[in-house]
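Here are the chains, one letter per residue:
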Amino acid sequence: MTSGNPAGPGQRRIWDISAPVHSATPVFPGDSEYVQEWSATISPDCPVNVATITLSPHIGTHADAPLHYEPGGAAIGELPLQAYIGPCRVIHAIGCGPLIQWEHIAHALAGLPERMLVRTCQRMPVDRWDPDLAAYAPQTLERLADLGVKLIGIDSASIDPASSTTLDSHQVIRRRGMRVLENLVLDDVPEGDYELIALPLKLVTCDASPVRAILRTPEDGALTGKG
């Protein structure tokens, strides 16, 4: 669930837009689910608890690397971090249907920063797999790239339809050098401008990484856009 931590005097409000990760977290069919075992537990002979976990790097809120959709592409730990931190706009396209078309986001594109997240769900399904997930239309991504967008995000498990075998939208971001965040939880985030921080782990041979994604109000504390 999205949490918006109220800001105290002189503080900037934080929205945690990360999906919870545990044994019941849904994964793309065929991906590894989250499994946790204890390799050490506190006892008279042991001072600590230590877990061993197995999981898909695409579980929960995550960043895809080019290696995910390009043979020989860069692994997630090799990517520069600039795309994952900085000014960002959240745009609402709730109920847009299977694909985010240009007309669904055109109302909020003036002065668009390099990072853009789209909310398509009234409530993001953090507890179940959604085979009818919303995705980006490839032509929408082409036009966003033309506007200088470097990172796009979505509150579903993929920027392509779950049934796609060609991954046309992933191929657009490959060609245009864009980055992507998937499985964001934007349920309580008003449409408007923020600072995004969503850093992937330095997994130097991996095709994706879970992220702890947050949004912060701009430094002046004022949101642009609508609630």
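The structure presented is a predicted model; accordingly, all values stated were derived computationally and were not measured. (Residues numbered from 1 in each chain as written. Predicted model: local features only at pLDDT ≥ 70, side-chain atom pairs only at ≥ 80, totals over all residues. Heavy atoms only, no water.)

Overview of the overall build of the protein chain
Point 1. Scanning the protein chain from terminus to terminus reveals three helices and 14 strands.
Point 2. Relative to the globule expectation of 17 Å for 227 residues, the C-alpha radius of gyration of the protein chain, 18 Å, shows essentially globular dimensions.
Point 3. Principal-axis analysis of the C-alpha atoms gives the protein chain an extent of 60 × 50 × 30 Å.
Point 4. By the burial criterion, 47% of the 227 residues in the protein chain qualify as buried.
Point 5. Within the protein chain, contacts between residues separated by at least 24 positions form 71% of all contacts whose residues are at least 6 apart in sequence. (Helix = DSSP H or I, 4+ residues; strand = E, 2+ residues; numbered from the N terminus. Rg over C-alpha atoms; globule rule 2.2 N^0.38 Å. Buried < 20%, exposed > 50% of the residue type's maximum accessible area, 1.4 Å probe, protein only. Contact = heavy atoms within 4.5 Å.)

Some remarks on the environment of P161
Point 1. Tracing the backbone through its elements, the reader meets P161 in the loop between β10 (151–154) and α3 (168–176).
Point 2. As a C-alpha pair, P161 and H104 span 57 residues in sequence and 17 Å in three-dimensional space.
Point 3. Discounting chain neighbours no more than four positions away, the residues touching P161 are L99, L133 and A135.

Quick look at the pattern of salt bridges
Point 1. Evaluated as defined, the whole model comprises nine salt bridges.
Point 2. With a closest N to O distance of 2.9 Å, R212 and D16 form a salt bridge. With R212 in the loop between β13 (208–210) and β14 (214–216) and D16 in strand β2 (residues 14–16), this residue pair connects regions lying 196 residues apart in the sequence.
Point 3. Judged by its relative accessible area of 13%, D16 is buried.
Point 4. E142 is paired through a salt bridge with R175; the nearest N and O atoms lie 2.3 Å apart. You can see E142 sitting in helix α2 (residues 138–146) and its partner R175 sitting in helix α3, a full 33 residues away along the chain.
Point 5. Look at E142 and you get partly exposed, because its relative accessible area is 21%.
Point 6. Using a relative accessible area of 46% as the deciding quantity, one classes R175 as partly exposed. (Salt bridge = Lys/Arg side-chain N within 4 Å of Asp/Glu carboxyl O.)

Details of the packing of aromatic side chains
Point 1. A full pass over the atoms with the stated rule returns two aromatic pairs.
Point 2. Taken together, a centroid distance of 5.2 Å and an interplanar angle of 80° make the contact between W15 and Y194 edge-to-face. With a gap of 179 residues between them, W15 in strand β2 and Y194 in strand β12 (residues 192–197) connect regions that are remote in the sequence.
Point 3. Ring centres 4.9 Å apart and planes at 65° place the aromatic pair F28 and W129 in the edge-to-face group. With F28 in the loop between β2 and β3 (35–40) and W129 in the loop between β8 (115–119) and β9 (135–136), this pair connects stretches of sequence that are 101 residues apart.
Point 4. Among the residues examined, F28 registers a relative accessible area of 31% and is labelled partly exposed.
Point 5. The exposure class of W129 is partly exposed, given its relative accessible area of 25%. (Phe/Tyr/Trp six-rings, centres within 6.5 Å; stacked < 30°, edge-to-face > 60°.)

Side note on the environment of I197
Point 1. Tracing the chain through its elements places I197 in strand β12.
Point 2. I197 sits 18 residues away from L215 along the chain, and the two C-alpha atoms are 6.4 Å apart.
Point 3. In contact with I197, not counting residues within four places along its chain, are Y84, I85, R212, A213, I214 and R216.

So, the nonpolar core
Point 1. I105, M116, Y136, L144 and I152 are the most contacted members of the largest nonpolar core, which totals 25 residues.
Point 2. Of all the elements in the fold, those that place two or more residues in this core are α1 (102–105), β8, α2, β10 and α3.
Point 3. A65, A83, V90 and A198 belong to the second largest nonpolar core, which has 23 residues in total. (Core = buried A, V, L, I, M, F, W, Y, C linked by side-chain atoms within 4.5 Å.)

Here's the deal with the state of the cysteines
Point 1. Applying the stated criterion across every chain, the model contains zero disulfides.
Point 2. No disulfide involves C88; its sulfur sits 17 Å from the nearest other cysteine sulfur, which is in C121.
Point 3. With a relative accessible area of 1%, C88 lands in the buried category.
Point 4. Sulfur of C96: no disulfide; nearest cysteine sulfur belongs to C121 and is 8.6 Å away.
Point 5. We classify C96 as buried; its relative accessible area is 13%. (Disulfide = S-S within 2.5 Å.)

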